[in-house]
Amino acid sequence: SDTLLVTVHNVAPTVEAGPNQEASEGAIFTLAASFSDPAAADTHTATINWGDGTPVVPGAVTQSPTGNGGTVTGSHVYADNDTYTVTVTVTDDDGDSSSETLLVTVTNVAPTIDAGADRQVDEASTLNLTSSFDDPGTTDTHTATIDWGDGTPVVPGTVTQSPTGTGSTVTGSHVYADNGTYTVTVIVTDDDGGSGSDTLL
């Protein structure tokens, strides 16, 4: 009898990264991609490149119970606003892979300010003020102003940046020339133009 050999070539999986998406800096962004593979017996691994210079990470693969594909999920926090190209790569157990990309547009979030509790001070004495602010954009830089509320010029505040984006401070000092009740306004602006303010008496 005659025999013949049939060589079956592997086919790489096909990835569907999904539509372009939006996120806010400092918030958890969740990605859900899908893939298909004509070989129901293949198993798969995946990686996600978030496009912001952070290391490429494994994606969580859920294989379809019928074979022929599955899903890839992952989550990430973007430290700054920008548009990022996310690349999802799926590799089968024969070493063949394919990739697809989507764009994530990350929007800026303005800092939030806590000017502090209302204060009392004697006229002609120095008032030292420390206010705090948070910004989920951990790579943002900031400037600040203080309006002392007594008609004197608005002045820059001294900003001490926290590397975590929380617990940064604005400090300043002022001498009031006369007794009264004054509304002090502290404004913090990030390097993308987002600003927040708070007041104290």
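All figures in this text were calculated on a predicted structure; none of them were measured in a lab.

So, the overall build of the chain
And then number 1: Check the secondary structure of the chain and you find 0 helices and 17 strands.
And then number 2: Since a compact globule built from 201 residues should have a radius of gyration of about 17 Å, the 27 Å found for the chain marks it as more spread out than a globular shape.
And then number 3: Over its C-alpha atoms, taken along the principal directions, the chain stretches across nearly 115 × 25 × 20 Å.
And then number 4: Residue burial in the chain is summarised as follows: out of 201 residues, 30% are buried.
And then number 5: Here the contacts in the chain between residues at least 6 apart in sequence split such that 63% fall between residues at least 24 apart.
And then number 6: Within the structure as shown, the chain displays about 10,900 Å² of accessible surface, and the carbon and sulfur contribution to it stands at 51%.

A short note on unusual backbone geometry
Negative phi characterises most residues that are not glycine, and trans characterises most peptide bonds.
And then number 1: The residue alanine 124 is not glycine, and still its phi comes out positive at about 70°.
And then number 2: Within the secondary structure, alanine 124 sits in the loop between β10 (112-114) and β11 (126-134).
And then number 3: Taking the relative accessible area as the measure of exposure, alanine 124 reaches 62% and is therefore exposed.

Details of a nonpolar patch on the surface
And then number 1: On the surface, Leu4, Val6 and Val8 cluster together into a nonpolar patch covering about 370 Å² of accessible area.
And then number 2: Among the secondary structure elements, valine 8 is positioned in the segment before β1 (14-16).

A short note on the sheet that holds strand β7 (residues 69-77)
Whether parallel or antiparallel, the strands of a sheet pair through hydrogen bonds between backbone atoms.
And then number 1: Taking strand neighbours across the sheet as the criterion, the 4 strands line up as β1-β3-β7-β6 in an open arrangement whose pairing is antiparallel. Each edge of the open sheet carries a strand with a single partner, namely β1 and β6 (60-63). Neighbouring strand axes in the sheet, compared pairwise and without regard to direction, differ in orientation by 25° on average.
And then number 2: Across 4 bridges, β6 lies against β7 in antiparallel orientation. Each residue of the ladder has a partner; that of alanine 60, found in β7, is threonine 73.

Points about the nonpolar core
And then number 1: Of all hydrophobic cores here, the largest spans 19 residues; its most connected members are Leu31, Val72, Tyr78, Val86 and Val104.
And then number 2: Of all the secondary structure elements, the ones that give two or more residues to this core are β3 (28-36), β4 (44-49), β8 (82-92) and β9 (97-107).
And then number 3: With residues near it in sequence (within four places) discarded, tyrosine 78 still touches Glu25, Gly26, Ala27, Phe29, Trp50, Asp52, Tyr84, Val86, Val104 and Val106.
And then number 4: Grouped together as the second largest cluster of nonpolar side chains are 14 residues, Leu127, Tyr176, Val186 and Leu200 included.

Brief notes about the pairing of strand β12 (residues 142-147)
And then number 1: Burial along β12 is one-sided: His142, Ala144 and Ile146 are buried, and none of Thr143, Thr145 and Asp147, which face the opposite way, are.
And then number 2: In this sheet, strand β16 (residues 184-190) lies alongside β12 in antiparallel orientation, the contact comprising 6 bridges. Bridging across to β16, aspartate 147 finds its partner in threonine 185.
And then number 3: Note: β12 against strand β13 (residues 155-156), 2 bridges, orientation antiparallel. What sits directly across from isoleucine 146, in β13, is valine 155.

A look at the sheet that holds β13
And then number 1: Ordered by their spatial adjacency, 4 strands build an open sheet running β13-β12-β16-β17, and the pairing between neighbours is antiparallel. At either end of the open sheet lies a strand with only one pairing partner, and these are β13 and β17 (195-200).

Analysis parameters
Residues numbered from 1 in each chain as written. Predicted model: local features only at pLDDT ≥ 70, side-chain atom pairs only at ≥ 80, totals over all residues. Heavy atoms only, no water. Helix = DSSP H or I, 4+ residues; strand = E, 2+ residues; numbered from the N terminus. Rg over C-alpha atoms; globule rule 2.2 N^0.38 Å. Buried < 20%, exposed > 50% of the residue type's maximum accessible area, 1.4 Å probe, protein only. Contact = heavy atoms within 4.5 Å. Areas by Shrake-Rupley, 256 points an atom, 1.4 Å probe, with all protein chains shown as cover. Patch = residues over 30% accessible without salt bridge, like charges linked within 9 Å, V, L, I, M, F, W, Y side chains within 5 Å. Salt bridge = Lys/Arg side-chain N within 4 Å of Asp/Glu carboxyl O. Pairing = 2+ DSSP bridges. Axes fitted to C-alpha atoms, helices over the stretch in contact; angles between N-to-C directions. Core = buried A, V, L, I, M, F, W, Y, C linked by side-chain atoms within 4.5 Å.

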